[in-house]
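Each chain, written out:
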Amino acid sequence: IFFIGITFYLFWTLWWFNTILHLLSGICVAMGGISVWLYIFKDSSPSREKIIIVGMTFAILVGVLWEIFELHFGITLLSDGIIYIRDTASDLIMDISGGLLGVVYSYKSAFTL
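Residues numbered from 1 in each chain as written. Predicted model: local features only at pLDDT ≥ 70, side-chain atom pairs only at ≥ 80, totals over all residues. Heavy atoms only, no water.

### A closer look at unusual backbone geometry
Then, number 1: Of note in the backbone geometry, Tyr-9 takes a positive phi value of approximately 60° without being a glycine.
Then, number 2: The topology assignment puts Tyr-9 in the loop between helix 1 (2-7) and helix 2 (10-13).
Then, number 3: For Tyr-9, a relative accessible area of 53% translates into the label exposed. (Helix = DSSP H or I, 4+ residues; strand = E, 2+ residues; numbered from the N terminus. Buried < 20%, exposed > 50% of the residue type's maximum accessible area, 1.4 Å probe, protein only.)

### Here's the deal with helix 4 (residues 48-72)
The periodicity of an α-helix, 3.6 residues per turn, causes residues three or four places apart in sequence to face the same way.
Then, number 1: A rise of 1.5 Å per residue sets the reference length of helix 4, with its 25 residues, at 36 Å; its end C-alpha atoms lie 36 Å apart and thus fit the reference within 8%.
Then, number 2: Residues of helix 4 that are buried include every one of Ile-51, Val-54, Gly-55, Met-56, Ala-59, Gly-63, Glu-67 and Glu-70, and no others. (Expected span 1.5 Å × (residues − 1).)

### A word on the environment of Gly-33
Then, number 1: Among the secondary structure elements, Gly-33 is positioned in helix 3 (residues 17-40).
Then, number 2: For the pair formed by Gly-33 and Ala-59, sequence separation is 26 residues and the distance between their alpha carbons is 8.1 Å.
Then, number 3: Contact partners of Gly-33, with chain neighbours within four places excluded, come to Val-54 and Phe-58. (Contact = heavy atoms within 4.5 Å.)

### Here's the deal with the packing of helix 3 against helix 4
Then, number 1: Closest axis-to-axis distance for the helix 3/helix 4 pair is 8 Å, and the angle between their directions is 130°. Relative to helix 4, helix 3 is oriented oblique. Helix 3 and helix 4 meet at a crossing whose hand is right-handed. The segment helix 3 lies against helix 4, with His-22, Gly-26, Val-29, Ala-30, Gly-33, Ile-34 and Trp-37 engaging Lys-50, Ile-51, Val-54, Gly-55, Phe-58, Ala-59, Val-62, Trp-66 and Glu-67.
Then, number 2: Here the residues of the contact of helix 3 with helix 4 are counted per class, giving 10 nonpolar, four polar and two charged. (Axes fitted to C-alpha atoms, helices over the stretch in contact; angles between N-to-C directions. Parallel < 35°, antiparallel > 145°, perpendicular 65-115°, else oblique. Left-handed = near helix turned anticlockwise from the far one by under 90°. Nonpolar A, V, L, I, M, F, W, Y, C, P; charged D, E, K, R; others polar.)

### Comments concerning the side chain of Ser-106
Then, number 1: Relative to the elements of secondary structure, Ser-106 occurs in helix 5 (residues 82-110).
Then, number 2: Setting aside its immediate chain neighbours within four residues, Ser-106 contacts Met-31 and Ile-34.

### Here we look at the packing of aromatic side chains
Then, number 1: If you walk through the whole model with that rule in mind, you get nine aromatic pairs.
Then, number 2: Between Tyr-9 and Trp-12, the ring centres sit 6.1 Å apart and the planes meet at 55°, which makes this aromatic pair tilted. The two residues Tyr-9 and Trp-12 agree in class, both being exposed.
Then, number 3: Classification of Trp-12 by relative accessible area gives exposed; the value is 60%.
Then, number 4: Clustering of aromatic rings is evident, with ring pairs tying together Phe-2, Phe-3, Tyr-9, Phe-11, Trp-12, Phe-17, Trp-66, Phe-69 and Phe-73. (Phe/Tyr/Trp six-rings, centres within 6.5 Å; stacked < 30°, edge-to-face > 60°.)

### A word on the confidence of the model for the chain
Then, number 1: In this model, the chain carries an average pLDDT of 92, and 98% of its residues clear a pLDDT of 70 or more.
Then, number 2: Per-residue pLDDT, averaged within each element of the chain, yields its smallest value for helix 1 (87) and its largest for helix 4 (96). (pLDDT = per-residue confidence, 0-100.)

This is the structure we're talking about:
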């Protein structure tokens, strides 16, 4: 989805595109992290707390690393001041929100198998 956004200039023409992208990324990263964790630790029984911690850790970690990536490559700039703070805060809030949705879905699917 990121490359589609770059190719068709969606980041610059649709103000909400980045927000939706961070929400979907949070969902996917949390679910992917939980899936990898469940695959590696097959013998242990997943508890609600473990699934929440693993999913949210992955979502927050990848969200923060993405913001560092944006800073490193000049996609965002600290010199933008309040615009940078608002953009980064909304990105991380959407990453966390997506992470929570991914955790809920993973938890429900893990215990219905």
